[in-house]
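Chain residues, written in single-letter form:
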Amino acid sequence: MRAGFLGGVLLAAAGYTWLAFAELAWLSSAGRLGPGFFPRIIGVSLVALCAYSLLIDRGASRETLTPYWRTTVVLAALSALFVAALDVLGGLLSTIAFMAAALWILNRGRHVQNAVLALALPLCMYLIFRVWLNAAVPRGMLGLPF
Amino acid sequence: MDIFGNLLLGLSVAISPINLAYLFIGVVIGMVVGIIPGFGPAAALAVLLPVTFGMEPTGAVIMLAAIYYGSQYGGTITSILLNTPGESSSVAATFDGYPLAQQGRAGPALVMQAVASFIGGTLGVILISVLAPAFSLVTRSFGPPEFFLLVMMGLSTLIVMVGGNWRYGVISALIGFALGTVGVDLETGNSRFTFGSAELIEGIDFIPIAIGLFGLGELYYAFYTGLHASGSGGIVQYQKERRFWPTLADFVETRVTLVRSSLLGFIIGVIPGAGATIASLMSYSVEKSASRTPEKFGKGAMAGLVGPEAANNAASSGAMVPLLTLGIPGSAATAVLLAAFLLWGLTPGPLLMAQKPEFAWGLIASMYLGNVALLALNVFAIPLFVQMIKLPYRLLAPSVILICTIGTYSVNGSIVETWLMFAAGLAGFFMKRHGFSPAALVLALVLGPLGEQSLRQSLTISGGSFSIFVDRAASLWILGITVAVLGLGILMRRSGVRE
């Protein structure tokens, strides 16, 4: 897993470094240090250190997953769905849907408590952010007034 | 104006009813944040930053700073009663705090940690009042080479001092630097790594990254380790009766510890990158070495509890010195505070105290009042906070995700930044799982543009010669302190102090 993560960082760093060399100049037209100066140093250092770490840590013992990895994946997927739903359902409806789904998974069997929390918390958030602070809350595509 | 005159000016700002209200809200939120495992002050500050948009700048910063130092108080309650630190800076409090609670001395331990936090915090603020103006005067002569060296000092200290693999710490910082180069290059006007996106022209805002790494990332990791399933069954019960209060012997036994640890904590806090966690662990180590009864440490020594507590609170005060006088944050939490300053058009640096005395001294004066409020809250409202410890994590977690997501969107009304926050959350989880440093990434992202600009300016001034970094006395001083701190960090690693 760690090697996979390091490999991912190495790939991204290689792409970053390639762009820094291909598109950004070391010196500006005025002869001063250009926009590519710092990114090239950062990119080369990152690639070198990631490659070195991959080499050094290749013999590290295999990591085992905890029994809770499934819950973590479900929670991360729910968070992604929540962000996606913001643009469609708008702030209030998507937060109610997210809270209901998350509590149904995490707090099983307590239907009344879950229903109260799924309605009360999003409503509080909406009142604080939209009404009190006049902050931006997504409207969504449904054209609802909240 | 003298220090007392400035403090009176600051007090007149801090005691306005609205600022007092923000201060009280801030310390209560800070206490709660400290109690919740897996949700630190950096995440809380980042999430609550948008909430302050409707406030007056001084009141907003007073509240955010109160959350920051208030969290140092709250984290210890769970260390003592549950053997689970609410904050990394409260880890040392578990060594003797939990054994004290198991011996039926939870009440005295809770009161003594509050007193130690108060003394550390208050001594720290007194030292800020005296030293910050002097620091401002010294740092006015700093040029690009000194600022570049300070950036490097902060990052290298963070990487060496905070445990884990140093290579992964450097990789984390380099990722932060790389993210910091996205956007228009201010010196030449060239776009860098924007891929034609209008959203990326101004660069990557660090608020979504900080909320993702410290809010979502920590939360996913807490779930991965099963925090939601553990409950609060192991909580040590205590009774608010005669034995609740500490004895005179407790105070007499720890009087030197309190002063020594506060001074040590403040000095460590002033060094960018070192921070409250290192201060508390070093204080524990120093107190154990200085004690006539070191064998009691780890078995319920009061000095082993109050030393780290005084140190971590003094360190959080000390960290405000480089933040206010140089604009250099020493930790992820102070990096978010820096963002708050900038959002309000306040540029921390050598001239801040001279140009905005009502703001700088208002903040410092509010910290005196905040520490008094926290002492009272800690002693008299402990039962309330103990009830909070019992709140199940499975109910808290969805609320935290909700606040992180809506909070990020509300900063700029951007769904792209909300997705960025989610991506940073996933990255934060993997970084935490594999021993990388999200704090180094955020600090490098914040300091990257300053580091790049000062490096390019320095080399332009010197005609490309790196000797500019050793030419001036100030640069040599910074280099000397950096080498000393790094040497100490390496020694700590070798001697296994952190373990």
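The rules behind each value
Residues numbered from 1 in each chain as written. Chains lettered and ligands numbered in written order. Predicted model: local features only at pLDDT ≥ 70, side-chain atom pairs only at ≥ 80, totals over all residues. Heavy atoms only, no water. Helix = DSSP H or I, 4+ residues; strand = E, 2+ residues; numbered from the N terminus. Rg over C-alpha atoms; globule rule 2.2 N^0.38 Å. Buried < 20%, exposed > 50% of the residue type's maximum accessible area, 1.4 Å probe, protein only. Contact = heavy atoms within 4.5 Å. Areas by Shrake-Rupley, 256 points an atom, 1.4 Å probe, with all protein chains shown as cover. Lys, Arg positive; Asp, Glu negative; His and termini not counted. Charge placed at Lys NZ, Arg CZ, Asp CG, Glu CD. Patch = residues over 30% accessible without salt bridge, like charges linked within 9 Å, V, L, I, M, F, W, Y side chains within 5 Å. Salt bridge = Lys/Arg side-chain N within 4 Å of Asp/Glu carboxyl O. Phe/Tyr/Trp six-rings, centres within 6.5 Å; stacked < 30°, edge-to-face > 60°. pLDDT = per-residue confidence, 0-100. Core = buried A, V, L, I, M, F, W, Y, C linked by side-chain atoms within 4.5 Å. Polar contact = N/O pair within 3.5 Å; in protein donor to acceptor, adjacent residues only side chain to side chain. Expected span 1.5 Å × (residues − 1). Buried area = accessible area lost by both parts, 1.4 Å probe.

### Observations concerning the overall build of chain A
Broken down by element type, chain A carries five helices and zero strands. Taken from the N to the C terminus, the helices and strands of chain A come in the order α-α-α-α-α. Taken over the C-alpha trace, chain A has a radius of gyration of 24 Å; the compact-globule value for 146 residues is 15 Å, which it surpasses by more than 25%. A total of 146 residues make up chain A; the buried ones form 38% of that total. The long-range share in chain A, meaning contacts at least 24 apart out of those at least 6 apart in sequence, stands at 50%. If you sum the accessible surface of chain A, you get close to 8100 Å²; carbon and sulfur atoms cover 69% of it.

### Some words on the overall build of chain B
Regarding its fold elements, chain B presents 23 helices and two strands. Projecting the C-alpha coordinates of chain B onto the three principal axes gives extents of approximately 70 × 50 × 45 Å. For chain B, the residues scored as buried account for 62% of the 499 residues in total. For chain B, the proportion of contacts with a sequence separation of at least 24, taken over those separated by at least 6, is 80%. Summing over all exposed atoms, chain B offers an accessible surface of approximately 17400 Å²; the carbon and sulfur share of this is 67%. The averaged location of the 22 negative side-chain charges in chain B is 12 Å from the averaged location of its 23 positive side-chain charges.

### Considering unusual backbone geometry
Residue and element names in this part refer to chain B. Of note, the phi angle at Phe-193 is positive, near 55°, even though the residue is not glycine. Relative to the elements of secondary structure, Phe-193 occurs in the loop between strand 2 (191-192) and helix 9 (206-224). Phi is positive for Phe-195, which is not a glycine, with a value near 50°. Of note, Phe-195 is situated in the loop between strand 2 and helix 9. A relative accessible area of 67% means that Phe-195 is categorised as exposed.

### Remarks on a nonpolar patch on the surface
A cluster of nonpolar side chains, contributed by Met1(A), Leu65(A), Trp69(A) and Val73(A), occupies part of the molecular surface with about 390 Å² of accessible area. As for its position among the elements, Val73(A) is in helix 3 (residues 69-89).

### Details of the packing of aromatic side chains
All chains considered together, the criterion is met by 18 aromatic pairs over all chains. Ring centres 6.1 Å apart and planes at 25° place the aromatic pair Phe5(A) and Phe430(B) in the stacked group. Residue Phe5(A) is found in helix 1 (residues 2-23), and its partner Phe430(B) is found in helix 20 (residues 415-433); the two belong to separate chains. Pairing Phe142(B) with Phe147(B) gives two aromatic rings, centres 6.3 Å apart and planes at 80°, and the pair type is edge-to-face. Both residues of the pair, Phe142(B) and Phe147(B), belong to the buried class. Among the aromatic residues, those joined into a cluster by ring pairs are Phe5(A), Tyr168(B), Tyr221(B), Tyr224(B), Phe429(B), Phe430(B) and Phe436(B).

### What to know about the confidence of the model for chain B
Parts of the prediction with low pLDDT should not have their coordinates interpreted in detail. Taken as a whole, chain B shows an average pLDDT of 85; of its residues, 95% reach a score of 70 or greater. Mean pLDDT in chain B bottoms out at helix 10 (residues 227-230) of chain B, which sits at 71, and peaks at helix 20 of chain B, which reaches 93.

### A short note on the environment of Gly273(B)
Tracing the backbone through its elements, the reader meets Gly273(B) in the loop between helix 11 (248-270) and helix 12 (275-290). Ignoring anything within four residues of it in the chain, the contact list for Gly273(B) reads Gly154(B), Thr157(B), Leu158(B) and Gly330(B).

### Topic: the nonpolar core
Residues and elements named next belong to chain B. With 198 residues, the main nonpolar core has Ile-171, Phe-206, Leu-219, Met-320 and Ile-364 as its most contacted residues. In terms of residues, this core owes the most to one element, helix 4 (residues 57-82), which gives 15 residues. For Ile-364, the residues in contact, after removing those within four places along its chain, are Leu-7, Val-125, Ile-128, Ser-129, Leu-324 and Met-353. Val-111, Ala-114, Phe-244 and Val-379 belong to the second-largest nonpolar core, a separate cluster that totals five residues.

### A word on the environment of Thr64(A)
Looking at where Thr64(A) falls in the secondary structure, it is placed in the loop between helix 2 (37-56) and helix 3. Judged by its relative accessible area of 67%, Thr64(A) is exposed. When the C-alpha atoms of Thr64(A) and Met1(A) are compared, they prove to be 9.2 Å apart, with 63 residues separating the residues in sequence. If sequence neighbours within four positions are ignored, Thr64(A) has contacts with Tyr224(B) and Arg433(B).

### Observations concerning the side chain of Thr325(B)
All names here are of chain B. One can find Thr-325 in helix 14 (residues 320-326). Accessibility expressed as a relative area gives 0% for Thr-325, which makes it buried. A polar atom in the side chain of Thr-325 sits 2.6 Å from the backbone oxygen of Val-321.

### Considering the pattern of salt bridges
Residue and element names in this part refer to chain B. Applying the stated criterion across every chain yields a total of eight salt bridges over all chains. Residue Lys-432 pairs with Glu-218 through a salt bridge whose shortest N-O separation is 3.5 Å. Here Lys-432 is found in helix 20, whereas its partner Glu-218 is found in helix 9, with 214 residues between them in sequence. The shortest N-O distance in the salt bridge between Glu-287 and Arg-260 comes to 2.8 Å. You can see Glu-287 sitting in helix 12 and its partner Arg-260 sitting in helix 11, a full 27 residues away along the chain. A relative accessible area of 3% places Glu-287 in the buried class.

### Section: helix 8 (residues 166-180) of chain B
Residues and elements named next belong to chain B. Over its 15 residues, helix 8 extends 21 Å from the first C-alpha to the last, a length consistent with the 21 Å expected when each residue adds 1.5 Å. Most of helix 8 sits inside the fold, with 12 of its 15 residues counted as buried. Those residues of helix 8 that sit buried are Arg-167, Tyr-168, Gly-169, Ile-171, Ser-172, Ala-173, Leu-174, Ile-175, Gly-176, Phe-177, Ala-178 and Gly-180. Residue Asn-165 occupies the N-cap position of helix 8, its side-chain oxygen lying 2.8 Å from the main-chain nitrogen of Arg-167.

### Topic: the interface of chain B and chain A
Taken together, the 57 residues of chain B in the interface contact 62 residues of chain A. Both sides of the chain B and chain A interface together cover about 5400 Å² of buried area, and 79% of this is carbon and sulfur. At the junction of chain B with chain A, the criterion picks out one salt bridge. The salt bridge involving Asp57(A) is made with Arg167(B); its shortest N-O contact spans 3.4 Å.

### Topic: helix 2 (residues 17-35) of chain B
Residues and elements named next belong to chain B. Across its 19 residues, helix 2 extends 27 Å between first and last C-alpha, which sits within 8% of the 27 Å expected from 1.5 Å per residue. Burial in helix 2 covers these residues: Asn-19, Tyr-22, Leu-23, Gly-26, Val-27, Gly-30, Met-31, Val-33, Gly-34 and Ile-35. In the core, the buried residues of helix 2 are packed alongside helix 1 (3-14), helix 3 (41-48), helix 4, helix 17 (357-380) and helix 18 (382-389).

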